[in-house]
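The residues making up each chain are set out below.
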Amino acid sequence: MSAFDALRHDDRPARPDQRFATHLRNRLTDALVAPVELPERNRPMTDATTPATSRTAATGALHPYITVGDAAAAIEWYTEVLEARETVRYVGDDGRIGHGELEIGGAKLMLSDEYPDFGAVSPRTVGGSPVKLYVEVPDVDAVWELALSNGADGQRPPEDQAYGRRACAFSDQFGHQWMVQTVTADPPATEIEDGLGGDFTVVASEPAVEVGYVTIPFDDTSVARRFYGALFGWATEDGSLGSEYAHVGNTRLPIGMTPGGVGAATLYFRIDDADRYAEQVVALGGSVLSRAGHASGETIECVDDQGSAFTLWHPADGY
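Rules behind the numbers
- Residues numbered from 1 in each chain as written.
- Predicted model: local features only at pLDDT ≥ 70, side-chain atom pairs only at ≥ 80, totals over all residues.
- Heavy atoms only, no water.
- Salt bridge = Lys/Arg side-chain N within 4 Å of Asp/Glu carboxyl O.
- Buried < 20%, exposed > 50% of the residue type's maximum accessible area, 1.4 Å probe, protein only.
- Helix = DSSP H or I, 4+ residues; strand = E, 2+ residues; numbered from the N terminus.
- Expected span 1.5 Å × (residues − 1).
- Arc of directions from axis to C-beta.
- Pairing = 2+ DSSP bridges.
- Axes fitted to C-alpha atoms, helices over the stretch in contact; angles between N-to-C directions.
- Contact = heavy atoms within 4.5 Å.
- Phe/Tyr/Trp six-rings, centres within 6.5 Å; stacked < 30°, edge-to-face > 60°.
- Lys NZ or Arg CZ within 6 Å of the ring centre and 35° of its normal.
- 1 Å grid on protein atoms, 1.4 Å probe; cavity = no way out; pocket = protein on both sides within 12 Å on 5 of 7 lines; lining within 4 Å.
- Points joined across faces, edges and corners; volume = space filled by probe spheres on them.

A.B. asks: Can you walk me through the pattern of salt bridges in this structure?
C.D. replies: A pair can form between side chains of opposite charge whenever their charged atoms are brought close. One pass over the structure, following the stated rule, counts 11 salt bridges. Residue Asp-272 pairs with Arg-276 through a salt bridge whose shortest N-O separation is 3.4 Å. Residue classification places Arg-276 among the partly exposed residues on the basis of a relative accessible area of 34%.

A.B. asks: Got a minute to help me understand helix H7 (residues 221-232) in this structure?
C.D. replies: Helical periodicity: at 3.6 residues per turn, an α-helix aligns residues three or four positions apart in one direction. Here H7 contains 12 residues, and its C-alpha end-to-end distance of 15 Å stays within 8% of the 16 Å for a straight helix at 1.5 Å per residue. Inspection of H7 places Thr-221, Ala-224 and Arg-225 among the buried residues, and these make up the whole buried set. End-on view of H7: buried residues confined to an arc of 100 degrees, all on one side of the axis. Turned more than 90 degrees away from the buried face of H7, the exposed residues are Arg-226 and Ala-230. At the C-terminal side of H7, Gly-233 shows a positive phi close to 75 degrees.

A.B. asks: Looking at this structure, I do not really get the sheet that holds strand E11 (residues 236-239). What am I missing?
C.D. replies: Taken in spatial order, the 8 strands make up an open sheet running E11-E12-E13-E10-E14-E17-E16-E15, and their pairing is mixed. Every interior strand has two partners, whereas the edge strands, E11 and strand E15 (287-294), have only one. On average, adjacent strands in this sheet sit at an angle of 25 degrees to one another, irrespective of strand direction. Across 7 bridges, the pairing between E15 and strand E16 (residues 297-303) is antiparallel. In the sheet register, Ser-287 faces E16, and the bridge partner there is Val-303. Contacts from H7 reach E11, strand E12 (242-248) and strand E13 (255-258), with the element oriented near 30 degrees to E12. Running over the sheet, helix H8 (residues 274-283) touches E15, E16 and strand E17 (309-315) and is turned about 165 degrees from E15.

A.B. asks: Mind showing me how you'd approach the sheet that holds strand E8 (residues 165-171) here?
C.D. replies: Where strands meet in a sheet, backbone hydrogen bonds hold them as pairs that are either parallel or antiparallel. Judged by pairing direction, the sheet is mixed, and its 4 strands sit side by side in the order E6-E9-E8-E7 without closing on themselves. At either margin of the open sheet sits one strand with a lone partner, and together these are strand E6 (132-136) and strand E7 (153-160). Put simply, the sheet's adjacent strands are angled 15 degrees from each other on average, direction ignored. Direction of pairing for E8 relative to strand E9 (residues 177-183): antiparallel, over a ladder of 7 bridges. Bridge assignment links Arg-165 to a residue of E9, and that residue is Val-183. Sitting on the sheet, helix H5 (residues 140-149) is in contact with E7, E8 and E9, with an inclination near 10 degrees to E8.

A.B. asks: I'm lost on the packing of aromatic side chains in this one. Help?
C.D. replies: Working definition: an aromatic ring pair is given by the centre-to-centre distance plus the angle between the planes. Inspection of the entire model under this criterion finds 14 aromatic pairs. One aromatic cluster is present, built from ring pairs that chain together Trp-77, Tyr-78, Phe-170, Phe-174 and Trp-178. Of note, Arg-96 hangs over the ring of Tyr-115, and the distance from its end group to the ring centre comes to 4.0 Å.

A.B. asks: In this structure, what is going on with the layout of surface pockets? I would like to understand it.
C.D. replies: Approximately 840 Å³ is the volume attributed to the largest pocket. Lining of the largest pocket is provided by 26 residues; of these, Tyr-213, Thr-215, Ser-240, Tyr-268 and Ser-296 occupy positions nearest its centre. Elements with a contribution of two residues or more to the lining of the largest pocket: strand E10 (211-217), E11, E12, E13, strand E14 (266-270), E16 and E17.

Okay, here's the thing in C-alpha cells:
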C-alpha cells in the first residue's frame, strides 16, 4: 500500500457547525433573495402582539412554516383550494421562492422551496411528515371535493364528530397533511365524552373573564364622535338610549360614549352566570351596589375589596 492510499479518507458528508451554517445562510439570503412587491395583495395588518411577561415569552402569534417541492405551485394550490391570499414572496436568482406568506382564515402560513443545504426539505423528500395543519372552513364538504379534484390524497372523508365538528383529512399534492373542519355545534364536555364512547375524558380549562365593553364619559358626545372619528376612524351610531349616547361599531373591543361629564371609563366584564359572580364578589369581600336588566343583558355594579368600582355584564343572546 502506498503512502497516498494509507492517508486517503473516504469522502463522507460532514455536518457543518450550526453557527457557521446559519451565518452563511443569512449572507446568501441577503445577497441572492430579492423581495417581490405584491401591492394588490398587501393591506395593513392589525397588531395582535401582547407585551412579553419575560425575556423568553413570545411577543406574537405562532405561525407554521412549511417547505414544499414547488412553492409557486403550492401557493396557487392553497389559493384555489383554501382561498388563501398571498401577501409576501421572495424569489431568488435561481427562481426558487426563499420565503412566502399566505393568509388563510386570518392565520399566517409561511413557506419556501426546498434548500437541502440548509436542511429545508419537503415531506416528499423525507418520505412524509408527522405534522398536520388544521383549518376551519364554512363548508368542509365543498373543500373536500375541491381538494380531491386538485390532486389531494383523501385520507378521511367528511364526517360529523362528537366534539361538534364535521371533519375531513387529506394530504395535499406537496405531501402536507391537512385537517379541515366545519363547526356544527358546541356540546358540553359530558356530551362529547358520551359521543366518544367513554374512551376519552375531556379536560378543558375555563376561559378567563375579559372586558367585554367599555364606556367613556364626555361632556358632549357629539363633539367626541367628531374628534375620535377623525383621530382614530371610529364609526359611531346612536345608542339605544338616544342620540346623546353613541356606540363605536368598528373596534375589536366594543366602546360606548356616554354623556354626563368627563370622568373615568367604565369597564364591563363579560360573564356567563350573573348570580354566581355576584355571590363571589360578596364572598371575596367586595360589594354589589345594584343590578339592572337591559336589552343587551344584565349589568351588576360592584366594588372590589379595596373600593375600586367595576361592572359585571351578563350579555343577552346576540350580544
